[in-house]
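Residue-level listing of the chains:
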Amino acid sequence: MKVINLRDIYPHYTQDCFVEVTDEVADLFSEFDHKEAAYRLRTYRHKAYYSLDRNDGIEHEALFVALSPHELYERKVTMQELHAAISRLPNKQAKRIYAHFILGMTKKDIARAEGVHEKVVRVAIERGLRSLEKILKKVL
């Protein structure tokens, strides 16, 4: 059991009020304080003193820009060309590039899943990217 001061936690307390709580509750309050301090520090460092979240759609519109039909078509064609180029790579390179860039897996995770050293995966991805560059230059 730990003793906490409710005045430190709740702003409406004007005088000290000590309460004995379980260790779990005290740890939760401590964790919240650490996360709040980290958030304030990130806000300060990135000069993010404002929010667009007013529940009127401004934030959604700022983050999710509607693409024109032309842009959607270009994106679709580009993705088709990219997938076609990846399919022309050797099987292991294609799988490793797909896992790393499309699925977002780390090189260490890919190496662990395949049972090989991380350097093997890194070299295969680098070679695959060079091959992709050559293939896409020929297409474009």
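Details of the structure are given in the entry above.
What you see is a predicted model, and the numbers here were worked out from it, not measured in a lab.

Quick notes on the overall build of the protein
- Secondary structure assignment for the protein yields seven helices and two strands.
- Going from N to C terminus, the protein has its helices and strands arranged as β-α-β-α-α-α-α-α-α.
- Of all 140 residues assigned to the protein, the portion counted as buried reaches 16%.
- Long-range contacts, defined here as pairs at least 24 residues apart, represent 36% of the contacts in the protein between residues at least 6 apart.

Overview of helix α5 (residues 91–102)
- Relative to the 16 Å expected for twelve residues at 1.5 Å per residue, α5 spans 16 Å between its end C-alpha atoms, a close match to the ideal helical length.
- All buried positions along α5 are accounted for by Q93, A94, R96, I97 and A99.
- Buried residues belonging to α5 abut α4 (69–87), α6 (107–114) and α7 (118–139).
- Where α5 ends, the next residue or the one after it, G104, has phi of about 80°, a positive value.

Observations concerning the packing of α5 against α7
- Between α5 and α7, the least distance of the axes is 9 Å, while the angle of their chain directions is 95°. The angle between α5 and α7 places the two elements in the roughly perpendicular class. Residues Q93, R96, I97, H100 and F101 of α5 touch α7, and the partners they reach there are V120, V121, A124, I125, R127, G128, L129, S131 and L132.
- For the contact of α5 with α7, a count of residues per class yields eight nonpolar, four polar and two charged.

Description of the packing of aromatic side chains
- Counted according to the given criterion, the structure contains one aromatic pair.
- Ring geometry for Y10 against Y13: centres 6.1 Å apart, planes inclined by 35°, an arrangement best described as tilted.

Calculation notes
- Residues numbered from 1 in each chain as written.
- Predicted model: local features only at pLDDT ≥ 70, side-chain atom pairs only at ≥ 80, totals over all residues.
- Heavy atoms only, no water.
- Helix = DSSP H or I, 4+ residues; strand = E, 2+ residues; numbered from the N terminus.
- Buried < 20%, exposed > 50% of the residue type's maximum accessible area, 1.4 Å probe, protein only.
- Contact = heavy atoms within 4.5 Å.
- Expected span 1.5 Å × (residues − 1).
- Axes fitted to C-alpha atoms, helices over the stretch in contact; angles between N-to-C directions.
- Parallel < 35°, antiparallel > 145°, perpendicular 65-115°, else oblique.
- Nonpolar A, V, L, I, M, F, W, Y, C, P; charged D, E, K, R; others polar.
- Phe/Tyr/Trp six-rings, centres within 6.5 Å; stacked < 30°, edge-to-face > 60°.

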